[in-house]
Structure formats: C-alpha cells, structure tokens
Amino acid sequence: MIMTQAFEKYLTVIKKAGIQSPNRFEVEVVVPMTVQAKMSEYYNDADLTNRIGLLALDTNIPGFTAAVSEIHVGHTAFAAYEKSNGDLNVTFLCAGDMKEHKFFMAWRDSIFKQNHTLEFYDNYISDTVKIKLKNKMDQISRHMQATEAFPITVTDVVVNQGERDTYSTFQVVFKYRKLKTADSDKASADVSSPVTNG
C-alpha cells in the first residue's frame, strides 16, 4: 500500500513523540498553613499533601477565552482586548475515612470563619496547584502550575442505598491568579488570570 506523504509524516511524529495517555498525570496541592491548622484541630492530622494528589481521579489543564472587538482598518478585523482562563477542576475519590472530603471542608472553614468574617486572602490560598502529565516513559510531558489557588466549589458526595459496587467521589473547582508553564527551567510564559474571572 502506498502511503501519502502526509501520512508518512504523521507516523514519524507518532513514532518519535508517542501519544499522550489521559490517565498518566499527577496532581500536587501545596496546602496553606491555615488548612493544616484546621486539620490538626479537627482530626489531629495536619499533613495530607501527598495523599490528596494520590486520590485525584481526573483533572484538566484549563484553557482560555479571548474577548475581541471589531476594528476597521480599511477592512474589518478583530483584536483581542481581554483574556479569561478556565477553572481548574479536580475529581477526588473518597477513601474509607473520608479525609479528602474533610480536608476541603477544613479549607472552607479556613476561608469563612465561625464569626462570619473572612480570613485574609494570603492565608487561605495555595501557593501552587500543580498538574503534571507524563508519557509512557514516566517523563513529564506537560507541567502547569496554578498559583494563588483556592477552592470555590466542592460538589455533593452522593450516596445511594442501591449502589454497592462503585465508589464515592466529589469534584473541586479551583480559582487561581496565574496559570504558569513549568515544562523546563527556560519556561517563562505565564498567563495571568484575575481571581474574579477564572
């Protein structure tokens, strides 16, 4: 069978670079000190940093949307004037002790105090939430960091008497300030994202 030149180039790329599998990833959450303090106060268990990442079932690398305006320069064109990043979403498996869910409820309580006041912004944000994609050689193929991140949504944990052979999960939606590329030491690109916009 005669292959077209385009198909030969396609095969060359696939043989050299491989295909990115969606199930090869890591999530790392730098836990704020206030959340660690809450976990210690509530459950005498302050350090869940490694475990949180282990039970991440799925996530996403946020995309972005550019807002454009129409301009007229002898012809009609479009120019970008504003950008907004998508949210960072992570679905977590609930372990038998439910500590993952307890962790994010403690994070909620570190933001919203019992006296109905808010904690200072710098005290409840995570320095970074890291998303690392890996190839089949276990090498990092994509490394993104969401800085100044904090959860804005923790979804319901749905339970059902009729479900016995499945597991409980919940999803966390993070807002963040910047989405940075950290693929190499030379990577310097970062994408600012106002906390109010996603």
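A brief structural summary. (Residues numbered from 1 in each chain as written. Predicted model: local features only at pLDDT ≥ 70, side-chain atom pairs only at ≥ 80, totals over all residues. Heavy atoms only, no water.)

## Observations concerning the pattern of salt bridges
Here is the rule: By definition, a salt bridge exists where a carboxyl oxygen of Asp or Glu is found within 4 Å of a side-chain nitrogen of Lys or Arg. Numbering of helices and strands starts at the N terminus; helices are DSSP runs of H or I of at least 4 residues and strands are runs of E of at least 2. Using a 1.4 Å probe on the protein chains alone, a residue whose accessible area is under 20% of its type maximum counts as buried, one over 50% counts as exposed, and one in between counts as partly exposed.
Within the structure shown, the criterion is met by 13 salt bridges. A salt bridge links glutamate 28 to lysine 130; the shortest N-O distance between them is 4.0 Å. Of this pair, glutamate 28 sits in strand S1 (residues 25-29) while lysine 130 sits in strand S6 (residues 126-134); the two residues are 102 residues apart in sequence, bridging distant segments of the chain. Between glutamate 100 and arginine 51 there is a salt bridge whose closest N-O contact spans 2.4 Å. Taken together, the residues span a long stretch of sequence, with glutamate 100 in helix H4 (residues 99-111) and arginine 51 in helix H3 (residues 49-54) at a distance of 49 residues. Accessibility expressed as a relative area gives 0% for glutamate 100, which makes it buried.

## Focus: H4
This is how it is decided: To estimate the expected span of a helix, count its residues, drop one, and scale the result by 1.5 Å.
The end-to-end C-alpha distance of H4 is 18 Å, a good match for the 18 Å that 13 residues give at a rise of 1.5 Å each. H4 sits mainly inside the fold: 10 of its 13 residues count as buried.

## Here's the deal with the packing of aromatic side chains
Counted only if it meets this: Aromatic rings from Phe, Tyr and Trp, with only the six-membered ring used for Trp, were paired whenever their centres fell within 6.5 Å, and each pair was classed as stacked if the ring planes differed by under 30 degrees, edge-to-face if by over 60, and tilted otherwise.
What the rule picks out here adds up to 13 aromatic pairs. Pairing tyrosine 121 with tyrosine 124 gives two aromatic rings, centres 5.8 Å apart and planes at 80 degrees, and the pair type is edge-to-face. Linking tyrosine 121 with tyrosine 124, this pair stays in helix H5 (residues 121-124), spanning 3 residues, or about one helical turn. Judged by its relative accessible area of 12%, tyrosine 124 falls in the buried class. Among the aromatic residues, ring-to-ring pairing joins Phe92, Phe103, Phe104, Trp107, Phe170 and Phe174 into one connected group.

## Looking at the nonpolar core
The condition is simple: Among buried residues, the Ala, Val, Leu, Ile, Met, Phe, Trp, Tyr and Cys ones that are joined through side-chain atoms within 4.5 Å form a nonpolar core.
With 30 residues, the main nonpolar core has Ile52, Leu88, Phe92, Phe103, Phe104, Trp107 and Phe174 as its most contacted residues. For this core, the elements supplying multiple residues, two or more each, are S1, helix H2 (33-43), strand S5 (88-93), H4, S6, strand S7 (140-154) and strand S8 (169-175). Ranked by residues supplied to this core, first place goes to H4 with 5 residues.

## Considering unusual backbone geometry
For residues other than glycine, phi is negative in most cases, and the peptide bonds are mostly trans. Phi is positive for aspartate 138, close to 65 degrees, though the residue is something other than glycine. Looking at the secondary structure, you find aspartate 138 in the loop between S6 and S7. You can call aspartate 138 partly exposed: its relative accessible area is 46%. Notably, glutamate 148 is not glycine yet its phi reads approximately 50 degrees, a positive angle. Among the structural elements, glutamate 148 can be located in strand S7.

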